[in-house]
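Commentary on secondary and tertiary structure
Listed below, chain by chain, are the residues.
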Amino acid sequence: MDDVDQFRITLQQLEICRELVLKRGETGSRVALILLDNVSETICYRIVQDKFASDDFTRAFVPEKYPTKLRREIERTFAGKVEAVRKIHRLPHQVATTLLVLHSYRNAAYHRDTHNPVVIPLLARIALVAVADLFARTRGGIQTSAVGGHRQPIEWLKPYGHADAYVDFDDSARTVAQRLKRKIRPTLPALVKGFTADITSRVASVRKILTPHQSEPKINEIDRMLKWFEFRHANPYLESKLSEPLRTLNYRISSGHGDEVDREEYIEAETRFRASYKAAHDEYLPKLTYDGLAEIEEDVPRLSIATNYRKALDVYAQLDSLVTRFEEVTVAAVTEIEYQSEMESDIRRGK
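Residues numbered from 1 in each chain as written. Predicted model: local features only at pLDDT ≥ 70, side-chain atom pairs only at ≥ 80, totals over all residues. Heavy atoms only, no water.

Focus: the overall build of the chain
Threshold: Secondary structure is summarised from DSSP: a helix means a run of H or I of at least four residues, a strand means a run of E of at least two, and numbering begins at the N terminus for each. The globule rule used here is 2.2 Å times the number of residues to the 0.38 power, and the radius of gyration it is set against is calculated over C-alpha atoms. The buried label goes to any residue with under 20% of its type's maximum accessible area, the exposed label to any with over 50%, and the partly exposed label to all in between, with areas taken from a 1.4 Å probe on protein chains only. By the convention used here, residues are in contact when the closest approach between their heavy atoms is within 4.5 Å. Each accessible area is a Shrake-Rupley result for a 1.4 Å probe, and residues are judged covered by the shown protein chains and nothing else. The charge count includes Lys and Arg as positive and Asp and Glu as negative, but it does not include His or the ends of the chains. Positions of charges follow a simple convention, taking NZ of Lys, CZ of Arg, CG of Asp or CD of Glu.
For the chain, the count of helices and strands is 15 helices and two strands. Computed over C-alpha atoms, the radius of gyration of the chain comes to 26 Å, more than 25% over the 20 Å expected from 2.2 N^0.38 for 351 residues, which places it beyond the range of a compact globule. Out of the 351 residues belonging to the chain, those deemed buried represent 38%. Counted over contacts in the chain with a minimum sequence separation of 6, partners at least 24 positions apart contribute 74%. Carbon and sulfur atoms make up 51% of the accessible area of the chain, which amounts to about 20200 Å² in all. Across the chain, the centroid of the 53 positively charged side chains sits 7 Å from that of the 52 negatively charged ones.

With respect to empty space enclosed by the protein
Over the atoms rolls a probe the size of a water molecule, and in doing so it shows where empty space is left. The line we're drawing: Buried and open spaces are told apart on a 1 Å grid over the protein atoms alone, a cavity being a set of points where a 1.4 Å probe fits but cannot get out and a pocket being an open set with protein on both sides within 12 Å along at least five of seven lines. Residues with an atom within 4 Å of a point are the lining residues. Grid points are joined across faces, edges and corners, and a volume is the space filled by probe spheres set on the points. By the convention adopted, Pro, Cys, Tyr, Trp, Phe, Met, Ile, Leu, Val and Ala count as nonpolar, Lys, Arg, Asp and Glu as charged, and the other residues, Gly among them, as polar.
Tallied over the full model, the rule gives two cavities of 30 Å³ or more. Of the volumes computed, that of the largest cavity is approximately 80 Å³. Residue lining of the largest cavity: Gln94, Val95, Thr98, Ile126, Val129, Ala130, Asp133, Arg185, Pro186, Tyr309 and Leu313, and that is the complete set. Going through the elements one at a time, helix H5 (93-110), helix H6 (120-138) and helix H15 (309-348) are the ones with two or more residues in the lining of the largest cavity. The element that contributes the greatest number of residues to the lining of the largest cavity is H6, accounting for four residues. Of the voids in this model, the second largest cavity is the one considered here, and its volume is about 30 Å³. Lining the second largest cavity are Leu33, Thr98, Val101, Leu102, Leu123, Ile126 and Ala127. Those elements giving two or more residues to the lining of the second largest cavity turn out to be H5 and H6. Of the residues assigned to the lining of the second largest cavity, the class counts are six nonpolar, one polar and no charged.

Some remarks on the pattern of salt bridges
As a reminder, the rule being used: Within this document, salt bridges are pairs made up of a side-chain nitrogen of Lys or Arg and a carboxyl oxygen of Asp or Glu, the two lying within 4 Å of each other.
Applying the stated rule across the entire model yields 20 salt bridges. Residue glutamate 270 pairs with arginine 274 through a salt bridge whose shortest N-O separation is 3.3 Å. A residue pair is termed a helical-turn pair when its members lie 3 or 4 positions apart in one helix, as glutamate 270 and arginine 274 do in helix H12 (residues 263-283) at four residues. By relative accessible area, arginine 274 is classed as exposed at 51%. Here the salt bridges do not stand alone but share partners, grouping Asp55, Asp56, Arg59, Glu64 and Arg71 into one network.

Remarks on the packing of aromatic side chains
How we decide: In this analysis, rings of Phe, Tyr and Trp, with Trp reduced to its six-membered ring, are considered paired at centre separations within 6.5 Å, and the interplanar angle assigns stacked below 30 degrees, edge-to-face beyond 60, and tilted for intermediate values. The criterion for a charge sitting over a ring is simple: Lys NZ or Arg CZ within 6 Å of the ring centre, and within 35 degrees of the ring normal.
Within the structure shown, the criterion is met by 10 aromatic pairs. Pairing phenylalanine 7 with phenylalanine 169 gives two aromatic rings, centres 5.0 Å apart and planes at 55°, and the pair type is tilted. Within this pair, whereas phenylalanine 7 is found in helix H1 (residues 3-23), its partner phenylalanine 169 is found in helix H7 (residues 169-181), the two being separated by 162 residues in sequence. Comparing phenylalanine 7 with phenylalanine 169 shows no difference in burial state: the two are buried. Ring centres of phenylalanine 52 and tyrosine 66 lie 5.4 Å apart, and the angle between their planes is 65°; on these two criteria the pair is classed as edge-to-face. Taken together, the residues span a long stretch of sequence, with phenylalanine 52 in helix H2 (residues 25-58) and tyrosine 66 in the loop between H2 and helix H3 (68-76) at a distance of 14 residues. As far as the burial class goes, phenylalanine 52 and tyrosine 66 line up, both buried. Put simply, the rings of Trp228, Phe231, Phe273, Tyr277 and Tyr284 pair up and form one aromatic cluster. Note that arginine 185 overlies the ring of tyrosine 309, its terminal NZ or CZ placed 5.4 Å from the centroid.

Here's the deal with unusual backbone geometry
A positive phi angle, near 55°, is found at arginine 90, a position not held by glycine. With respect to the secondary-structure elements, arginine 90 resides in the loop between helix H4 (78-89) and H5. Phi angles above zero are rare outside glycine, and arginine 139 is one such case at about 45°. Note on placement: arginine 139 falls in the loop between H6 and strand S1 (146-147). On the basis of relative accessibility, which here comes to 17%, the residue arginine 139 falls in the buried class.

So, in structure tokens, the structure goes:
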């Protein structure tokens, strides 16, 4: 695709998002969030790849700005791309923060098929504003500033007042963004109300999962469970790494070569694995505790005293990050417990 096609596709995706946000309710807003996240990541990807290519061209004469290690960090995460683009194009803090919140919610909606209907329509609106601003400031990630030579005016730019056969990407992107944002931005009170409802309802959901049938929560037991699953979430590859010697012996046994495995060797490998994993767990300092939910709730009123969008977004981003950690760990715990319960039930029934 040439630059004009890339610009057109990005613009038309944003037009679809606007229609979804305005006319399709909660479901439309959910779809819009997923598409907006894709558009923003595509724009960021175009920009950083162009900078990498430019760096490759000049590094024989001037020091690299993007050495291999930094490139991998940028390419690996959405936050890395946003931070790189923020520096390159001096993105406003509000735009960058909104993009990160959008990505967090997109992950919940896309990967885990979960979302909070209380806040989805609101987030879709502020996300559309942020991605439109990103589009305007970066001309959609297109590196060429303008193109000409078309025999006829470009039809899809006519609604935005550009009826020439010459395309100025900077000017067109700004005009498009202004039109897309019209009547989209929510008021500050609506923003605060939605954010407050979102955080409050999500904390209540986590607490309900942790204390399903308890009039008095067993805090010590809950904290031990949170630590265990937080530790596993923070160290996803540790168990595999430490258990490699034991698994090697298991593979030898399962392949019919059990006679080659010495009993004492096996017991030693199993003991060493369990001891090393337990030691790592015991040394781990957890960040999540049951009392931490109350601390989040105590911070929610900070939203109501926010005097502008930036402050409200900053507070919400902090609270959202904390609640998301609880949700990830709690979901992992519930999934594991349900799996173990099903296994025990199957065993009792002789399966």
